[in-house]
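# Examining the three-dimensional arrangement
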Amino acid sequence: MKFEDRLKEKIKNIIDDLKLVVGYTSNKLPLRVKPIFIENKDEIENIIFNNLCINNLATYAYSLSQEVDGKIGIILKPCDVKSIIQLLSEELISRERIKIIAVGCSGVIDYKKIQKEIKGSKIISATVEHENIEINTLNKRFNLKLMDFYADKCYWCDIYDNPPVYDEYIESDVKLSVKSKSKYEDINNIEKLSLEETFLFWEKEFNHCIRCYACRNICPLEVCKDRCITQLDEPYWQSQRITLKECKFFQLIRVFHLAGRCVECGECERACPMNIPLLKLMKKVNKEIERLFDYKPGLNIESKPPLLTFEKIEERIKEEELI
Amino acid sequence: MKISHFIKEKKLESWLEKISKGFIIYLPVQDKKRNIIDFMKWENSIGEEKSKEGNKNNNRYEINLSEKTKKSPKHIFSPPTENLFEFEYKKDIEKPDIVNIDLKTPLSIKDISNDSNKKEIDSDRKIIFGIKPCDILAVKRMDKFFKKGDYKDPYYIKRRKGSIFISIGCDNPYPDCFCKLVGGHPFNFEYADIGMVKVDDGYAVIKLSDRVKWLIKEYNEFFEKEDLFDKYQDKIDEIISNSVKKISTSNYLSDISIEKIHFTMEKAFNLDIWKEITRNCISCAACTYVCPTCFCFSIGDEQRDLKGERYRAWDYCMNYYYNLEASGHNPRANIYQRYRNKANCKYNYNFKRYGNIFCVGCGRCIEVCPVGIDIREVVDTVLKNI
């Protein structure tokens, strides 16, 4: 049976025990998909799964667990399963509320990378073939190599057919076959800059931030978005102005709030309407956390994030050499 | 639609460069470094690059008149943040019971006086070039909110006064454009000062209002001679009708009546379907901040010691805190309630207040939503479920 059909068959078998299943369905906009929430068997035919399914459906895990009684099934790529594991390790949701329906993945196309390649022009229509994508804008046609436009995280993924935790697993038809790349290549380029140059780099990026909070709201781990410290009136920690200074302040709070918790799913960067490279920030912070605490988020339900717990003696931090 | 003037594409930039000496020009610019098309000031983008020496082929900025900008041009008239005034308490040790406040505002007496109906062009001369008919219509909608009614906003009025709109019609609309379904038209130049259509290798002017005739007359050297117009004239009608055909083939909102949709939206208020179709929504402000007619703002006072400012900043109704009352009660604590309010604001409440639907069908919210919400689909589904 074809992969998508096996997935639908599996859902058909388990949906009676579940209150809700969150999956992907097609979107009228080219190269995109959107989430679908189904409750009955006759809606299952709308579920799809293909190499456009870049969204992380774990975004809805926490809010659904608060709103809905009973078990919630979520269709998750192995990288997205990491978000659920992190939520579980922080005890934000309980294990028996979520049915992890993991699917084997062969990589997902990042439509924003394609938009970048065509310099921000609108993608009017697109045809995805085996090795090529044909993109039509208003005035031009582009023929691009599919392999070059997968999401960055696909190029160093090692769990695409091996999700760390799952309740159900549907194996993929196709193997992930992209040329592997170094995970921190883009960070290295910024690390080479001096402190002043780095600061200027991020100033230039955040000049365009409009403080829409899309990055915060789409993150599966930002469960506090309705009580966010950056929007409170009492106490009034932060101004509500939309300026470079305030946008940087908000972003710093967000980055440190996620330090050691972010599983680098990339949704924040995808959601940003102003194309700010937010994932770079998170990767750098996580790199430091890994160096200081030897901790990788999202892999093990039992291990606890280092910034939420403390040890009397930290093995890897010598007090004389903090940096 | 008779052509009155024609300018070849290759002469457009030179015309704009000449005008930029006396005006602030906003125009849609493609930023190749950030891969975004947005309205920018000429002097900060193309103008700046022209004045520098060096390789012209590696330009970062390029005029883009065929595509829609990511954000609407509303930030030109209603910026994301502005100071309304600054205040300072002046204390006198000799007279401790007297309160003196020094107030500073960016407005002048002229700005808040009542004869703000002058037809003359203000010294703050501004041209919005390449603005599409949907966006101009959106500015007229915003005018109803900021300029008419009991509270006339002097900050908005000051920025708006004397602006000239040079509009380029949409000969090739996107699939997510739907201006026709909400009473617009891809070549509606009613509110434009100059209206142009792209034909072959240039732009034909088919609307020219008297107050800006001089913008072309005094720069005649960039425009073509009249005897060339015939070959372009025949094509204009076809271009317009092709565009209208393209934009009318939408799958949603195919048969709403603009006059009556507020009745049906009102009837649909308590339907359960709102909860189901807004499940994807993550309640961020992306759609609100790119929308050309979302006008809500929040005001705050900030003071340190004796000095302070009152500022206002864009607010968004999808915010959890938007309706939070001082008592602690939140009448729109759930996402579906907030999205329902947003859809009603555009298609129902503003119609009742101002006589117009505020959605102009630009489709930016559909493009920018990270979770695939399409306001046409939402309204269509709701209305079908009555």
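Computed from a predicted structure; not experimentally measured. (Residues numbered from 1 in each chain as written. Chains lettered and ligands numbered in written order. Predicted model: local features only at pLDDT ≥ 70, side-chain atom pairs only at ≥ 80, totals over all residues. Heavy atoms only, no water.)

### Examining the overall build of chain A
A count of helical and extended segments in chain A gives ten helices and eight strands. At 20 Å, chain A has a C-alpha radius of gyration in line with the 20 Å of a compact globule built from 323 residues. Across its three principal directions, the C-alpha atoms of chain A cover 60 × 50 × 40 Å. Taken over 323 residues, chain A has a buried fraction of 54%. Across chain A, contacts joining residues at least 24 apart in sequence account for 68% of those joining residues at least 6 apart. When the accessible surface of chain A is split by element, carbon and sulfur atoms take 50% of a total near 15700 Å². (Helix = DSSP H or I, 4+ residues; strand = E, 2+ residues; numbered from the N terminus. Rg over C-alpha atoms; globule rule 2.2 N^0.38 Å. Buried < 20%, exposed > 50% of the residue type's maximum accessible area, 1.4 Å probe, protein only. Contact = heavy atoms within 4.5 Å. Areas by Shrake-Rupley, 256 points an atom, 1.4 Å probe, with all protein chains shown as cover.)

### Describing the sheet that holds strand β7 (residues 141-145) of chain A
Residues and elements named next belong to chain A. Ordered in space as β5-β6-β7, the three strands form an open sheet in which the pairing is antiparallel. Edge strands, defined here as strands with exactly one partner in the open sheet, are β5 (125-128) and β7. Recorded for the sheet is a direction-independent mean angle of 15° between the axes of neighbouring strands. Inspection of the sheet shows β5 paired to strand β6 (residues 132-136) by four bridges, in the antiparallel sense. What sits directly across from alanine 126, in β6, is isoleucine 135. (Pairing = 2+ DSSP bridges. Axes fitted to C-alpha atoms, helices over the stretch in contact; angles between N-to-C directions.)

### Some points on the pairing of β6 of chain A
Residue and element names in this part refer to chain A. Between β5 and β6, which follow one another and run antiparallel, lie three residues. With five bridges joining them, β6 and β7 adopt antiparallel strand pairing. Within β7, the position partnered with asparagine 136 by the bridge is arginine 141. The antiparallel pairing of β6 with β7 creates a hairpin that spans four residues between the two strands.

### Some thoughts on helix α7 (residues 229-247) of chain B
All names here are of chain B. The first and last C-alpha atoms of α7 sit 27 Å apart over 19 residues, in line with the 27 Å expected at 1.5 Å per residue. Along α7, the sharpest kink reaches roughly 30°, centred on lysine 235. Taken together, the buried residues of α7 touch β1 (5-8), β9 (194-199) and β10 (202-208). (Expected span 1.5 Å × (residues − 1). Bend = angle between axes of the 7 residues up to and from the residue.)

### Things to note about the domain arrangement of chain A
All names here are of chain A. Split into domains, chain A comes out as domain 1 (1-108 + 156-180), domain 2 (111-149) and domain 3 (182-323). A combined buried area of about 780 Å² lies between domain 1 and domain 2, and 71% of that area is made up of carbon and sulfur atoms. Ranking the residues of domain 1 by area buried against domain 2 places Pro30, Leu31 and Arg32 at the top, with a combined share of 61%. Applying the counting rule to domain 1 against domain 2 returns zero salt bridges. Taken together, the links from domain 1 to domain 2 amount to zero residue pairs in polar contact (both at pLDDT 80 or more). The residue makeup of the side of domain 1 that touches domain 2, split by class, is six nonpolar, two polar and one charged. (Domains from an automatic or database assignment. Buried area = accessible area lost by both parts, 1.4 Å probe. Salt bridge = Lys/Arg side-chain N within 4 Å of Asp/Glu carboxyl O. Polar contact = N/O pair within 3.5 Å; in protein donor to acceptor, adjacent residues only side chain to side chain. Nonpolar A, V, L, I, M, F, W, Y, C, P; charged D, E, K, R; others polar.)

### Structural notes on the pattern of salt bridges
Evaluated as defined, the whole model comprises 51 salt bridges over all chains. Two residues, arginine 32 of chain A and glutamate 367 of chain B, come together in a salt bridge whose shortest N-O distance is 3.0 Å. Linking arginine 32 of chain A in the loop between β1 (20-26) and β2 (33-38) with glutamate 367 of chain B in helix α12 (residues 364-368), this pair reaches from one chain into another. On the accessibility criterion, arginine 32 of chain A (10% relative accessible area) is buried. The buried category is assigned to glutamate 367 of chain B, whose relative accessible area is 15%. Its salt-bridge partner being glutamate 13 of chain B, residue lysine 50 of chain B comes within 2.6 Å of it at the nearest N-O pair. Of the two residues, lysine 50 of chain B sits in helix α2 (residues 46-51) while glutamate 13 of chain B sits in helix α1 (residues 9-19), which places them 37 residues apart along the sequence. On the basis of relative accessible area, lysine 50 of chain B is assigned to the partly exposed category, the value being 31%.

### Comments concerning the packing of helix α8 (residues 244-258) of chain A against helix α10 (residues 278-293) of chain A
All names here are of chain A. In the contact formed by α8 and α10, the axes pass within 10 Å of each other and the chain directions differ by 45°. Here α8 is positioned oblique relative to α10, judged by the angle of their axes. Between α8 and α10 the crossing geometry is right-handed. Contacts between α8 and α10 involve Gln251, Arg254, Val255 and Leu258 from the first element and Leu278, Leu281, Met282, Val285 and Asn286 from the second. (Parallel < 35°, antiparallel > 145°, perpendicular 65-115°, else oblique. Left-handed = near helix turned anticlockwise from the far one by under 90°.)

### What to know about the interface of chain B and chain A
The interface of chain B with chain A comprises 45 residues on the first partner and 49 residues on the second. Counting each side, the surface lost to burial between chain B and chain A is near 4300 Å², with a carbon and sulfur contribution of 51%. If you sort the residues of chain B by the area they bury against chain A, Arg34, Asn35 and Arg279 of chain B come out on top, with a joint share of 16%. Summed over the shared surface of chain B and chain A, the result is seven salt bridges. Of the charged contacts, one joins glutamate 302 of chain B and arginine 241 of chain A as a salt bridge, the two residues approaching to 2.8 Å between their closest N and O atoms. Here chain B is connected to chain A by 31 residue pairs in polar contact (both at pLDDT 80 or more). Elements represented by at least two residues in the side of chain B that touches chain A include exactly β3 (36-41), β5 (81-90), α10 (286-290), β12 (307-314) and α12 of chain B. Considering every element that reaches the side of chain B that touches chain A, the biggest residue donor is β12 of chain B, with four residues. Of the residues belonging to the side of chain B that touches chain A, the class tally is 22 nonpolar, eleven polar and twelve charged.

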